[in-house]
Amino acid sequence: MKNVALVVMLLVGMTAIAQKAKDNHRGAMKDLTPEQVATLQTKQMTLALDLSQAQQSKIQAINLENAKLRKTKMEERKAARKEGDAKRPTSEERYAMKNEMLDHQIAQKAAMKKILSEDQFEKWSKMKHAKRKGFRGNKDKQRARK
């Protein structure tokens, strides 16, 4: 009986430690400035898409604009949470936010299409799709196991 209790305690302890050790990369990125985030993203894209110097500078500007926008939105949410104003948005507010986000994505896609060659754009599109699908794919795999 003592052995069983000991094994259960060890398993619970190991599970707690494993969950603390699991840290997503966004936690490390939250302390970076928008300029640093944009630079890292541009360099990753340069490696993946073999961008020219001119393409790098144009994409750097786009990434910087996006990073500043994300930082601003994040600070607004933090401030609202701190003030206690963090309430669930109404359906109309959700619609407006989703509409704004989709408009932004359409504009981003159009800008990237102007900057990148056809092959680069196709590869970039696949990378974006795989990144989004990766999050959903993991959930689908977990559901299939159950």
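This is a predicted model, so every value here is computed, not measured.

The rules behind these values
- Residues numbered from 1 in each chain as written.
- Predicted model: local features only at pLDDT ≥ 70, side-chain atom pairs only at ≥ 80, totals over all residues.
- Heavy atoms only, no water.
- Helix = DSSP H or I, 4+ residues; strand = E, 2+ residues; numbered from the N terminus.
- Buried < 20%, exposed > 50% of the residue type's maximum accessible area, 1.4 Å probe, protein only.
- Contact = heavy atoms within 4.5 Å.
- Areas by Shrake-Rupley, 256 points an atom, 1.4 Å probe, with all protein chains shown as cover.
- Phe/Tyr/Trp six-rings, centres within 6.5 Å; stacked < 30°, edge-to-face > 60°.
- Expected span 1.5 Å × (residues − 1).

Novice: Help me out: how do you make sense of the overall build of the chain in this one?
Specialist: Across its full length, the chain carries six helices and zero strands. Written out in order from the N terminus, the α and β elements of the chain read α-α-α-α-α-α. Of all 146 residues assigned to the chain, the portion counted as buried reaches 15%. Sequence-distant contacts, at least 24 apart, represent 65% of the contacts inside the chain between residues at least 6 apart. As displayed, the chain offers around 12500 Å² of accessible surface, 58% of which is attributable to carbon and sulfur atoms.

Novice: Just checking my understanding: could you explain the packing of aromatic side chains for this structure?
Specialist: Where two aromatic rings form a pair, the distance of their centres and the angle of their planes describe that pair. For the structure shown, the criterion picks out one aromatic pair. Residues Phe 121 and Trp 124 carry aromatic rings whose centres are separated by 5.7 Å and whose planes lie at 35 degrees to one another, so their mutual orientation is tilted. Note that Phe 121 and Trp 124 are positioned in helix α6 (residues 118-145) at a spacing of three residues, about one turn of the helix. The class of Phe 121 is buried, set by a relative accessible area of 11%.

Novice: How should helix α3 (residues 34-49) be read in this particular structure?
Specialist: Owing to its 3.6 residues per turn, the α-helix aligns residues three or four sequence positions apart on the same side. Compared with an ideal rise of 1.5 Å per residue, which puts 16 residues at 22 Å, α3 spans 22 Å between its outermost C-alpha atoms and is within 8% of the ideal. Those residues of α3 that fall on the buried side of the exposure criterion are Pro 34, Val 37, Ala 38, Thr 42, Met 45, Thr 46 and Leu 49. Positive backbone phi, at 55 degrees, marks Asp 50, one or two positions downstream of α3.

Without other data, these values stay purely geometric and don't point to any function.
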